[in-house]
Amino acid sequence: MKFISLVRVEFQKIRRSKILLILLAATFILWLPSVINADAHFHMQDIGITPENSFFIQGFMGMTWFISPAVMTVCTVLITQTERTSNGILKMLALPVNTAGLAMAKYVVLLALSALYFLLNTGAYYISAAIASATQSYDFLLAPGYVLEQAGYLFLSSLPMLAVFWLIAVCIRTPVFSVGIGLASIVPSVLFINTKIWFLYPMCYPFYVLTVEYGRLAENMADTQLKLVPWIPAAAIITIICLAAACLSFGRAERK
Amino acid sequence: MSLYTEFRKLKRTCFFPAFAAGGVLSAAFPVLNMAVRSELFTAINAPAIQILMENNWEMMVMLNLLLLITGACILYHIEYAENGIQKMQALPLREASLFFGKAALLVPAFALMAVIEAASLIFCGARWFNESAGTLISDAAASLGFAFLLTLPALILSLMISSLCQNMWTMLGIGVLCVFTASMLPADSFLASLFPYAMPFQILPGMETEQITRYCIAAAAETAVLGSAELIILKTRRLFA
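What comes next concerns the included structure. Keep in mind that this is a model prediction, so the values were computed, not measured.

**Some remarks on the overall build of chain A**
Then, number 1: On a plain count of helices and strands, chain A comes out with 12 helices and zero strands.
Then, number 2: Against the globule reference of 18 Å for 256 residues, chain A gives a C-alpha radius of gyration of 20 Å, in line with a compact fold.
Then, number 3: Its C-alpha atoms give chain A principal-axis dimensions of roughly 65 × 40 × 35 Å.
Then, number 4: Out of the 256 residues belonging to chain A, those deemed buried represent 42%.
Then, number 5: Here the contacts in chain A between residues at least 6 apart in sequence split such that 78% fall between residues at least 24 apart.

Structure below.
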């Protein structure tokens, strides 16, 4: 089978999974408080950030710090569990299909879900910014080019994290550990963004990228530069190792 | 008998090791925080446990809640995965006893975590603050005991959600959304802090006695209400299936 048709099959498997509802609910819960507390963004003088930038950063901050990694962990559970219930994985392994290709196809599905979530949030940002503009009589809307660019950067910086999550989901067969490690790994990212070795911890990349942007937009905050040199190579190495390990160990337990 | 069966079912799920590991991980937060920037905290003039709780509890409670959700999810997942629940329903057992058997396992697992966390707080207090061991132990025990009580509604609610969701990811998704909602709720409103997943974020040291009583009553009431709601749901669920 061609890789593209493998990916299509994977998408069909999750068609009835209601994951879209969870993604939508996560978006709704994230942006509703922003709309209700929109006036809080007018009191940011001591940080030196304009209300419209603050509205954008605070909303996306909530997403990158907790809910987006958490929802992605749930998505890895969805992808692995649809296969394991009723031993669907045995049928897939019986097909003349490259198992590494299968693992990569599933990773692509995970990427697509993540991209969809980022797009949903960008859309929700515009809807809630429009509502807040109407209620506060102040223009909260930022240029679409800028917002999409930032969302794109955040998505790209979350690729290594997704690779790690995918490796955890494939390698650790005990659900309590695979889920537990995935969810627990989110919490220390607040600590890691303040250290010098943040580039070794993929779960904090999106959060770090956004904090740097926050520092750039806010006049009174320390301006940190995003140093690409140790980061991009480290991220690339982590991603490649994780994906390779996931491809190698995918379906290994079932083939025994 | 039911409790022992439930315990045996968990044999290969690594349920208790996961909670022990989670406890160690969350106990590492205050230790790391103190090891890296102890001058910042020892300079504050307040009881040691209060300083430690105020600076670390938010992350620790986040871990606790996430692990509770995972644990609750596993407890019912082992039933739903191979249709084990149908066999349980065919037995001359009440479904409620299944639920409370599982709750009776989740409670000590969570207590284990709380004990490890309390030990870590006492260790930090003894290592970096000069306070007597007696005060430290009684403060830590009171704080974690309070936190334990306030987490019970979230525990029952997690288990309730997972008993209602056949798919593991639905339960996990709802649980994660609940924790996220709790972190988005306004911190200064008493009413908002009564949301089961928001209540564990409260810190005992420095709280007024009246407020403490209110939270204790609220936690007990919510646990009782959620428990009875689960009983009603289990009784009426088959009517709608």
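**Things to note about the overall build of chain B**
Then, number 1: Counting its secondary structure elements, chain B contains eight helices and zero strands.
Then, number 2: Put simply, chain B runs from its N terminus to its C terminus through helices and strands in the order α-α-α-α-α-α-α-α.
Then, number 3: Relative to the globule expectation of 18 Å for 241 residues, the C-alpha radius of gyration of chain B, 19 Å, shows essentially globular dimensions.
Then, number 4: Over its C-alpha atoms, taken along the principal directions, chain B stretches across nearly 60 × 40 × 30 Å.
Then, number 5: Taken across its 241 residues, chain B has 45% of its residues classed as buried.
Then, number 6: Sequence-distant contacts, at least 24 apart, represent 79% of the contacts inside chain B between residues at least 6 apart.

**A closer look at the interface of chain B and chain A**
Then, number 1: On the side of chain A, 26 residues touch chain B, which itself brings 27 residues to the contact.
Then, number 2: Every element with two or more residues in the side of chain B that touches chain A is listed here: helix H2 (15–42), helix H3 (48–80) and helix H7 (168–184) of chain B.
Then, number 3: Broken down by element, the residue count for the side of chain B that touches chain A peaks at 11 residues, all from H7 of chain B.

**Structural notes on the packing of helix H6 (residues 133–164) of chain B against H7 of chain B**
Residue and element names in this part refer to chain B.
Then, number 1: Where H6 meets H7, the axes come as close as 8 Å, and the angle between the chain directions of the two elements is 150 degrees. The orientation of H6 with respect to H7, classified from their angle, is roughly antiparallel. Seen along the crossing, H6 lies across H7 with a hand that is right-handed. Contacts from Ser 158, Ile 161 and Ser 162 in H6 reach Met 171, Ile 174 and Gly 175 in H7.
Then, number 2: Its residues assigned to classes, the contact of H6 with H7 shows three nonpolar, three polar and no charged.

**A few points about the packing of helix H7 (residues 159–171) of chain A against helix H8 (residues 175–184) of chain A**
Residues and elements named next belong to chain A.
Then, number 1: Relative to each other, H7 and H8 sit at 160 degrees, their axes nearing to 8 Å. Relative to H8, H7 is oriented roughly antiparallel. The handedness of the crossing between H7 and H8 comes out as right-handed. Residue-level contacts link Phe 165, Ile 168 and Ala 169 of H7 to Ser 178, Ile 181 and Gly 182 of H8.
Then, number 2: Among the residues making up the contact of H7 with H8, the classes are represented as four nonpolar, two polar and no charged.

Scoring rules and cut-offs
- Residues numbered from 1 in each chain as written.
- Chains lettered and ligands numbered in written order.
- Predicted model: local features only at pLDDT ≥ 70, side-chain atom pairs only at ≥ 80, totals over all residues.
- Helix = DSSP H or I, 4+ residues; strand = E, 2+ residues; numbered from the N terminus.
- Rg over C-alpha atoms; globule rule 2.2 N^0.38 Å.
- Buried ≥ 20, exposed ≤ 12 C-beta atoms within 10 Å, placed from the backbone.
- Contact = placed C-beta atoms within 7 Å.
- Axes fitted to C-alpha atoms, helices over the stretch in contact; angles between N-to-C directions.
- Parallel < 35°, antiparallel > 145°, perpendicular 65-115°, else oblique.
- Left-handed = near helix turned anticlockwise from the far one by under 90°.
- Nonpolar A, V, L, I, M, F, W, Y, C, P; charged D, E, K, R; others polar.

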